[in-house]
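Below, each chain spelled out in residue letters.
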Amino acid sequence: MKRRNFIATAAAGSAGLASVSGLAHDQTPQKEFKLKNNINHSVCQWCFADIPLEDFLKTLNSLGIKAVDLIGPKDWPLLKKYDIHCSMCNGAEISLTEGWNDPKYHEQLIKNYTEMIPKVAEAGYTNLICFSGNRRGMNDYVGLQNCVDGLSQIIPLAEEHGVVIQMELFNQVDHKDYMCDNSLWGVELCKHLGSDNFKLLFDIYHMQIQEGDIIRSIRNYHPYFGHYHTAGVPGRNEIDETQELYYPAIIKAIHETGFTGYVAQEFITTWEDKIAALKDGFLRCDI
């Protein structure tokens, strides 16, 4: 094929793809919203923080979504009012960077989690988030042992109350220097703690950036994953055709492991109609 013909053909093909992409973006929100209920859906409220929480909960009710992520005790009464489950509680952590890998934070963290674990159980919830903290020059093996030393002091209480402590995996692009930045380190921590009441929050967005091979990780390490977060890569935006991950296949792999926990949407929408974007995300993860 001559170069001139190739360029013309390629340009026509690109235009066609652009129109299809635009069509999909415009029409996707018009799909009928009907869930199959094979997946326990949730959503991270912070991504929609410009919508008042009560209005957001009313919307979730209208969609038949039964859970929301990353809500602390202050707002649990409002969740109860609308019969929305808190699928991942927060409020015991110090920060994302100050975590269990540094012994100087253990006293405060043990106090925080010792107070929070019974509250989570009393409210009828199960999952409570935690963070490794940043390295700050610390060796990963030293940090892992520090996490074991600290967390082992609260795990018996978590076991007593049926609460699962979940450490989130982050990437090094958005959270530079964070220690729990790969599946193997997190799995090793789970093995050292040896409790079903400690799991990993496997953030698909973060781990696609950090290590890729998402479906293989899910298949290999799913016993250690207690919760999942979604978002598009690159950009942490919608999980549609504008990004590189194919979520229906990922969710299918999760479902095939027998996972009965929650998959929470955690993308930052670029759509003008944010709820339409959220509905689209739920449908793409509804196998």
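About the thresholds
- Residues numbered from 1 in each chain as written.
- Predicted model: local features only at pLDDT ≥ 70, side-chain atom pairs only at ≥ 80, totals over all residues.
- Heavy atoms only, no water.
- 1 Å grid on protein atoms, 1.4 Å probe; cavity = no way out; pocket = protein on both sides within 12 Å on 5 of 7 lines; lining within 4 Å.
- Points joined across faces, edges and corners; volume = space filled by probe spheres on them.
- Nonpolar A, V, L, I, M, F, W, Y, C, P; charged D, E, K, R; others polar.
- Buried < 20%, exposed > 50% of the residue type's maximum accessible area, 1.4 Å probe, protein only.
- Helix = DSSP H or I, 4+ residues; strand = E, 2+ residues; numbered from the N terminus.
- Pairing = 2+ DSSP bridges.
- Right-handed = clockwise from strand over helix to strand, strands pointing away.
- Core = buried A, V, L, I, M, F, W, Y, C linked by side-chain atoms within 4.5 Å.
- Contact = heavy atoms within 4.5 Å.
- Axes fitted to C-alpha atoms, helices over the stretch in contact; angles between N-to-C directions.
- Parallel < 35°, antiparallel > 145°, perpendicular 65-115°, else oblique.
- Left-handed = near helix turned anticlockwise from the far one by under 90°.
- Arc of directions from axis to C-beta.
- Phe/Tyr/Trp six-rings, centres within 6.5 Å; stacked < 30°, edge-to-face > 60°.

For the protein chain, the name recorded in an unreviewed UniProt entry is Hydroxypyruvate isomerase, with Flagellimonas alvinocaridis as its organism.

Novice: Account for empty space enclosed by the protein, with residues named and values stated.
Specialist: In this approach, a probe sized like a water molecule rolls over the atoms, and the result shows the empty space that is left. Across all of its chains, the model carries two cavities of 30 Å³ or more by this definition. Approximately 30 Å³ is the volume found for the second largest cavity. Lining the second largest cavity, in full, are Glu93, Ile94, Ser95, Glu98, Gly99, Trp100, Leu109, Tyr113 and Phe131. Grouping the constituent residues of the lining of the second largest cavity by class yields five nonpolar, two polar and two charged.

Novice: Could you give an account of the pairing of strand β6 (residues 198-203), naming the residues involved and the relevant values?
Specialist: Extensive coverage of β6 is indicated by the burial of six of its six residues. Across four bridges, the pairing between strand β5 (residues 164-168) and β6 is parallel. Directly across from Ile165, in β6, lies its bridge partner Phe198. The β-α-β motif built from β5, the intervening helix α7 (residues 183-193) and the parallel element β6 has right-handed crossover chirality. As judged from the four bridges shared by β6 and strand β7 (residues 225-230), these two strands associate in the parallel manner. Within β7, the position partnered with Asp203 by the bridge is His229.

Novice: Quick one: what's the story with the nonpolar core, residue by residue and with numbers?
Specialist: Judged by nonpolar contacts, the single largest core of 90 residues is most densely connected at Tyr113, Leu128, Leu151, Ile165, Met167, Leu189 and Phe198. In terms of residues, this core owes the most to one element, helix α4 (residues 106-122), which gives six residues. Not counting chain neighbours up to four residues away, the residues in contact with Leu189 comprise Leu144, Cys147, Val148, Leu151, Met167 and Phe198.

Novice: Requested: an account of the packing of helix α5 (residues 140-151) against α7, with residues and values cited.
Specialist: For the pair α5 and α7, interaxial distance at closest approach is 10 Å and the crossing angle is 40 degrees. For the element pair α5 / α7, the angle class is oblique. Helix-helix and strand crossings are classified by hand; for α5 and α7 the assignment is right-handed. Touching Asp140, Gly143, Leu144, Cys147, Val148 and Leu151 of α5 are Trp185, Glu188, Leu189, His192 and Leu193, all from α7. Split by residue class, the contact of α5 with α7 holds seven nonpolar, two polar and two charged.

Novice: Go over the packing of helix α2 (residues 53-63) against helix α11 (residues 274-284) with me, naming the residues and quoting the values.
Specialist: Across the interface, α2 lies against α11 with an axial gap of 12 Å and an inter-helix angle of 45 degrees. As far as their axial angle goes, α11 and α2 are oblique. At the point where α2 passes α11, the crossing takes the right-handed sense. Contact residues: α2 offers Phe56, Thr59, Leu60 and Leu63, while α11 offers Ile275, Leu278 and Lys279. Partitioning the contact of α2 with α11 into residue classes produces five nonpolar, one polar and one charged.

Novice: Explain helix α9 (residues 214-221) to me, and be specific about the residues and the numbers.
Specialist: Along an α-helix, residues three or four positions apart point the same way, because every turn accommodates 3.6 residues. All of the buried residues in α9 are Ile214, Ser217 and Ile218. Relative to the axis of α9, the buried residues are bounded by an arc of 100 degrees and lie together on one face. Facing away from the buried side of α9, by more than 90 degrees, are the exposed residues Arg216 and Arg219. For α9, the secondary structure elements touched by its buried residues are α7, β6, α8 (204-210), β7 and α10 (247-256).

Novice: Let's hear about the packing of aromatic side chains: which residues, and what values?
Specialist: Tallied over the full model, the rule gives 11 aromatic pairs. On the numbers, 5.5 Å between centres and 55 degrees between planes, the contact of Trp100 with Tyr113 is tilted. Linking Trp100 in the loop between β3 (85-89) and α4 with Tyr113 in helix α4, this pair joins segments that are 13 residues apart in sequence. Tyr113 carries the same exposure label as Trp100, and that label is buried. Arranged with centres 5.7 Å apart and planes meeting at 20 degrees, the rings of Phe131 and Phe170 form a pair that is stacked. Taken together, the residues span a long stretch of sequence, with Phe131 in the loop between β4 (127-130) and α5 and Phe170 in the loop between β5 and α7 at a distance of 39 residues. One exposure class covers both Phe131 and Phe170, and it is buried.

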